[in-house]
Every structure is written in C-alpha cells, then in structure tokens.
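Breakdown of the fold
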Amino acid sequence: MSEHHERHPAYSERDVQREVSELETKSATAARLFDIRRIIGVLFVLYGVIVMIAGFTASDADIDKAEGVNINLWTGLGMLLLGLFFLIWLKLRPTAPPPPRVPPEEGPGV
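A quick note: this is a predicted structure, and the numbers were derived from the prediction, not measured.

1. Brief notes about the packing of aromatic side chains
Tallying each qualifying case throughout the model produces three aromatic pairs. Summarising the aromatic geometry, the rings of F85 and F86 are spaced 5.7 Å apart at their centres and angled 75° between planes, so their arrangement reads as edge-to-face. On the accessibility criterion, F85 (47% relative accessible area) is partly exposed. Counting every residue linked through ring pairs, the aromatic cluster contains F85, F86 and W89. Its end group placed over the ring of W89, R37 keeps NZ or CZ at 4.9 Å from the ring centre.

Okay, structure coming up:
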C-alpha cells in the first residue's frame, strides 16, 4: 500500500480545485458548442437549401401534382427561415457561462 503512495505524488487541495475548475471550463465550452439551437439551426438551413434547390428544379408535372403550388420551394424557404431564426437566436442570446467558483481558502472571511 505504501508503494502506491510513493509512485504517485500527493495532490494538494489547490491542485484538485484547479483541476476541477479546468474541467468545469471545458464542460461549459462543450455545452455552448453543442447548444441544441445551433444543431437545429444548421440542420434546418442545410435541409432548407436542399429542398429549395429541388423546388427550383421542379418540373411542371411536379407543380401540377401539388395543385399549382411549388411546395418544395415554399417548404425549403420556410425551413431556411426557421434555421436562420435559431442561429440568430443563438447569436443574440448565447448560453450564459457558469458563475465562477470561489475556492474555500480564497473566499471572504478566511
């Protein structure tokens, strides 16, 4: 058992707190990166562009099937606008970073 302690240096409380703080920062960065609004926005913009391209290349027979409405064009435009809405919302109201943690030894009254 003592060999285990000799091979691995003992970590101080400050080292552990610094490591926890670094992991929390990485976690917050990952949370902002994978914000659901970003994922939904990018997917809707991508699919909207694809469906709009299908609408631009629609034949007269395809439009006649939809009773004269170019449904791919309008659906693609709607998807594109919805995707842009999510991305603008993300830009205007980003995910708030977590409040900084104050280690106990540096807190007030110590």
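2. So, the packing of helix α3 (residues 36–56) against helix α5 (residues 71–92)
One way to put it is that α3 packs onto α5 with a least axis distance of 7 Å and a crossing angle of 155°. Accordingly, the angle class assigned to the pair α3 and α5 is roughly antiparallel. In this structure, α3 crosses over α5, and the sense of that crossing is left-handed. Tallied by class, residues from the contact of α3 with α5 come to 20 nonpolar, seven polar and two charged.

Reading the values: the criteria
Residues numbered from 1 in each chain as written. Predicted model: local features only at pLDDT ≥ 70, side-chain atom pairs only at ≥ 80, totals over all residues. Heavy atoms only, no water. Phe/Tyr/Trp six-rings, centres within 6.5 Å; stacked < 30°, edge-to-face > 60°. Buried < 20%, exposed > 50% of the residue type's maximum accessible area, 1.4 Å probe, protein only. Lys NZ or Arg CZ within 6 Å of the ring centre and 35° of its normal. Axes fitted to C-alpha atoms, helices over the stretch in contact; angles between N-to-C directions. Helix = DSSP H or I, 4+ residues; strand = E, 2+ residues; numbered from the N terminus. Parallel < 35°, antiparallel > 145°, perpendicular 65-115°, else oblique. Left-handed = near helix turned anticlockwise from the far one by under 90°. Nonpolar A, V, L, I, M, F, W, Y, C, P; charged D, E, K, R; others polar.

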